[in-house]
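What follows is each chain in one-letter form.
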Amino acid sequence: MTADRPTFTTATGGQFVLIEPGTFAMGCDSHGASPCESPIREVEISEPYFIAMRPVTQAEWVLTMKNNPSKFTVGLESGLRPVESISWFECIEYIAHLNENGVSEYLGIDGRFRLPSEA
């Protein structure tokens, strides 16, 4: 999947892949689809951007935020599990820490981390 696209890994282990401009159909009109998925609409990505290849892990969260709010923390592999039990506000605080601590060097001159839109 990413062999032909640029990727980078942050110091905390976050892996990101480039999404290039283009259009795609978003939504679903099939019988079992949720009403909020229709109608199918064309979405245009006008600027390239990098997006995380997986959810933020508990280990990444702890390295950045110095705490672990997750409930599922038992076991050797717990650091590789996604962080959970966090609010939207805590996500915004996490992103602010990433942007303040120079991690955005991977994103170009004006690059900043942010939450993705639905598209």
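Residues numbered from 1 in each chain as written. Predicted model: local features only at pLDDT ≥ 70, side-chain atom pairs only at ≥ 80, totals over all residues. Heavy atoms only, no water.

Brief notes about helix 1 (residues 58-65)
Turning to helix 1, its buried residues are Gln58, Glu60, Trp61, Thr64 and Met65. The arc that holds the buried residues of helix 1, viewed along the axis, is 160 degrees, so those residues lie on one side. On the buried face of helix 1, the contacting elements are helix 2 (88-100). Where helix 1 terminates, the next one or two residues include Lys66, which has phi positive at roughly 65 degrees. (Buried < 20%, exposed > 50% of the residue type's maximum accessible area, 1.4 Å probe, protein only. Helix = DSSP H or I, 4+ residues; strand = E, 2+ residues; numbered from the N terminus. Arc of directions from axis to C-beta. Contact = heavy atoms within 4.5 Å.)

Section: the pattern of salt bridges
This structure, assessed with the given rule, holds 3 salt bridges. One salt bridge connects Arg41 with Glu118, and the closest N-O pair in it is separated by 3.9 Å. Residue Arg41 is located in strand 4 (residues 41-45), and its partner Glu118 is located in the segment after helix 2; the two are separated by 77 residues in the primary sequence. Look at Glu118 and you get exposed, because its relative accessible area is 65%. Residue Arg81 is joined to Glu77 by a salt bridge in which the shortest nitrogen-to-oxygen separation is 2.5 Å. (Salt bridge = Lys/Arg side-chain N within 4 Å of Asp/Glu carboxyl O.)

A word on helix 2
The terminal C-alpha atoms of helix 2, which comprises 13 residues, lie 18 Å apart, in line with the 18 Å expected from a rise of 1.5 Å per residue. Regarding helix 2, the residues found buried are Tyr94, Ile95, Leu98 and Asn99. Angularly, the buried residues of helix 2 cover 135 degrees about the axis, an arc narrow enough to put them on a single face. Exposed side of helix 2, more than 90 degrees from the buried face: Phe89 and Glu100 are the residues found there. In this fold, the buried residues of helix 2 make contact with helix 1. (Expected span 1.5 Å × (residues − 1).)

Comments concerning the nonpolar core
Grouped together as the largest cluster of nonpolar side chains are 9 residues: Phe8, Phe16, Trp61, Met65, Val83, Tyr94, Ile95, Leu98 and Phe113. Put simply, the parts of the chain that give this core at least two residues each are helix 1 and helix 2. At 3 residues, the largest contribution of residues to this core is made by helix 2. In this structure, Met65 is in contact with Glu93, Tyr94 and His97, ignoring residues within four places of it in sequence. (Core = buried A, V, L, I, M, F, W, Y, C linked by side-chain atoms within 4.5 Å.)

A word on the packing of aromatic side chains
Think of a pair of aromatic rings as described by two things: how far the centres are apart, and how the planes are tilted against each other in angle. Under the criterion given, the structure shown has 5 aromatic pairs. Seen in terms of ring centroids, Trp61 and Tyr94 are 4.9 Å apart; in terms of plane orientation they differ by 5 degrees. Their pairing is stacked. Separated by 33 residues along the polypeptide, Trp61 in helix 1 and Tyr94 in helix 2 bring together distant segments of the chain. Its relative accessible area of 2% is what places Trp61 among the buried residues. When its relative accessible area of 6% is taken as the criterion, Tyr94 is described as buried. (Phe/Tyr/Trp six-rings, centres within 6.5 Å; stacked < 30°, edge-to-face > 60°.)

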